[in-house]
Amino acid sequence: MHSHTLFRTLLIKARQQVHTLLSGNSLSKLHGEGYDLSELREYQVGDDVRKINWIITAKMGRAYIKELHANRELSIVVTSMLGGSLYFGDGDIKQEKLAEVTMLLGYAAQQNADLFTGLGYLQNHTIFAPPTKQLYSIESFFQKVYSSDTIGTSVEYNQAIDDIFRRVERSSLIFIVGDFLQEVDLSLLAQKHEVIAIVIRDRAEEQPQKLGEVILENPQNYAKIETHFGQKSIDRYLAKLQESDKNLIEHFSKYGIRYTKIYTDEEPIAKLIYLFG
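Residues numbered from 1 in each chain as written. Predicted model: local features only at pLDDT ≥ 70, side-chain atom pairs only at ≥ 80, totals over all residues. Heavy atoms only, no water.

Focus: the overall build of the protein
On a plain count of helices and strands, the protein comes out with nine helices and ten strands. Counting the 277 residues in the protein, one finds 49% classified as buried. Of the contacts made within the protein by residues no fewer than 6 positions apart, 71% connect residues no fewer than 24 positions apart. Only carbon and sulfur atoms are counted for the fraction: they give 50% of the accessible area of the protein, which is about 14000 Å². (Helix = DSSP H or I, 4+ residues; strand = E, 2+ residues; numbered from the N terminus. Buried < 20%, exposed > 50% of the residue type's maximum accessible area, 1.4 Å probe, protein only. Contact = heavy atoms within 4.5 Å. Areas by Shrake-Rupley, 256 points an atom, 1.4 Å probe, with all protein chains shown as cover.)

This is how it looks when you write it as structure tokens:
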């Protein structure tokens, strides 16, 4: 079980760091020229065909156009991917780090008087905090992300991305926070929104040690295997992980998605300050 005391400690720490270290670093700096884009909708007779977004039109099978409007308040959407892969090594430290990042982003949005929307995806449930500026609602979302039971579950990233595309109509700055250990297609979402990926990892995932004879348990489905985890196993594992990460970074680059990686032994605020520029 997650400790309520630790949750309160993380909450206070995140709030203090945002007020002291992120002061003056507005999330709006992350938003590019799409800041004026407030609506993506289906083409209607009489619309200017020059506004048609052909990439989305091709993927959706029907015409979509982009409507541009004057700058308004920034819409911030923080999405947390909550599956069993967050349970690694000594426990749920990856989920705690993910929750801490979520807190920092939420408090930053609230401090800048931006509209905050929270989405947390689990195997059979979605945590939803409707657009708000109310601190109580934002902190309630934090608590649900932090305390969700992820062991023995998995989350399908692409199903979640499809849901975000349907739910979030207004052009937004969308943060996707997860360990990104599976393939994900953000191309459609990146056409409609400004997307930033925050990758949460434990260093031992990328630098595994020899374990010898061991019983390994899959935290997503409780499946167990008895194996010898030696150098050959490490080499095979790293080859798959490095290929997956290479494809992921190429995907980010292709669609203009900024990203940062935060390890469980790091202070997230430092990476976010650098990201915010």
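Remarks on the confidence of the model for the protein
Across the protein, the average pLDDT comes to 85, with 84% of residues at 70 or higher. Strand S4 (residues 115-121) holds the highest mean pLDDT among the elements of the protein, 97, whereas strand S1 (residues 37-42) holds the lowest, 62. Between residues 32-38, whose pLDDT stays under 50, and residues either more than four places distant or in other chains, the model counts 21 contacts. (pLDDT = per-residue confidence, 0-100.)

Section: the packing of helix H1 (residues 4-21) against helix H4 (residues 135-147)
Between H1 and H4, whose axes approach to 11 Å, the crossing angle comes to 130°. Overall, the two elements H1 and H4 adopt an arrangement that is oblique. Every pair of crossing elements has a handedness; the one defined by H1 and H4 is right-handed. Listed contacts from H4 to Leu6, Phe7, Leu10, Leu11 and Arg15 of H1 are Glu139, Phe142, Gln143 and Tyr146. Looking at the contact of H1 with H4, its residues break down into six nonpolar, one polar and two charged. (Axes fitted to C-alpha atoms, helices over the stretch in contact; angles between N-to-C directions. Parallel < 35°, antiparallel > 145°, perpendicular 65-115°, else oblique. Left-handed = near helix turned anticlockwise from the far one by under 90°. Nonpolar A, V, L, I, M, F, W, Y, C, P; charged D, E, K, R; others polar.)

Structural notes on the nonpolar core
Of all hydrophobic cores here, the largest spans 40 residues; its most connected members are Leu105, Phe142, Phe175 and Ile198. Ignoring anything within four residues of it in the chain, the contact list for Phe142 reads Phe7, Leu11, Thr102, Met103, Gly106 and Tyr107. Core analysis: the next-biggest nonpolar cluster, separate from the first, contains 27 residues, Tyr64, Ile164, Phe165 and Leu188 among them. (Core = buried A, V, L, I, M, F, W, Y, C linked by side-chain atoms within 4.5 Å.)

Some words on the environment of Leu104
Inspection of the secondary structure puts Leu104 in helix H3 (residues 93-111). The class for Leu104 is buried, based on a relative accessible area of 0%. With 91 residues separating them along the chain, Leu104 and Lys13 place their C-alpha atoms 9.1 Å apart. Residues within four places of Leu104 in sequence aside, it is in contact with Ala14, Gln17, Val18, Pro268, Ile269 and Leu272.

Examining the packing of aromatic side chains
Summed over all chains, the structure comprises seven aromatic pairs. When the centroid spacing of 5.3 Å and the interplanar angle of 70° are considered together, the rings of Tyr107 and Phe142 count as edge-to-face. Taken as a pair, Tyr107 in helix H3 and Phe142 in helix H4 lie far apart in primary sequence, 35 residues in all. The same class applies to Tyr107 as to Phe142, namely buried. Seen from their ring centres, Tyr157 and Phe180 are 5.3 Å apart, and the 70° between their planes marks the pair as edge-to-face. Here Tyr157, found in helix H5 (residues 157-167), pairs with Phe180, found in the loop between strand S6 (173-178) and helix H6 (187-192); they are 23 residues apart in sequence, far enough to count as distant. Neither Tyr157 nor Phe180 differs from the other in exposure class; each is buried. Among the aromatic residues, those joined into a cluster by ring pairs are Tyr107, Phe116, Phe141 and Phe142. Across from the ring centre of Phe128, 4.9 Å away, lies the NZ or CZ of Arg167, which sits over that ring. Sitting over the face of the ring of Tyr263, Arg203 holds its NZ or CZ atom 4.2 Å from the ring centroid. (Phe/Tyr/Trp six-rings, centres within 6.5 Å; stacked < 30°, edge-to-face > 60°. Lys NZ or Arg CZ within 6 Å of the ring centre and 35° of its normal.)

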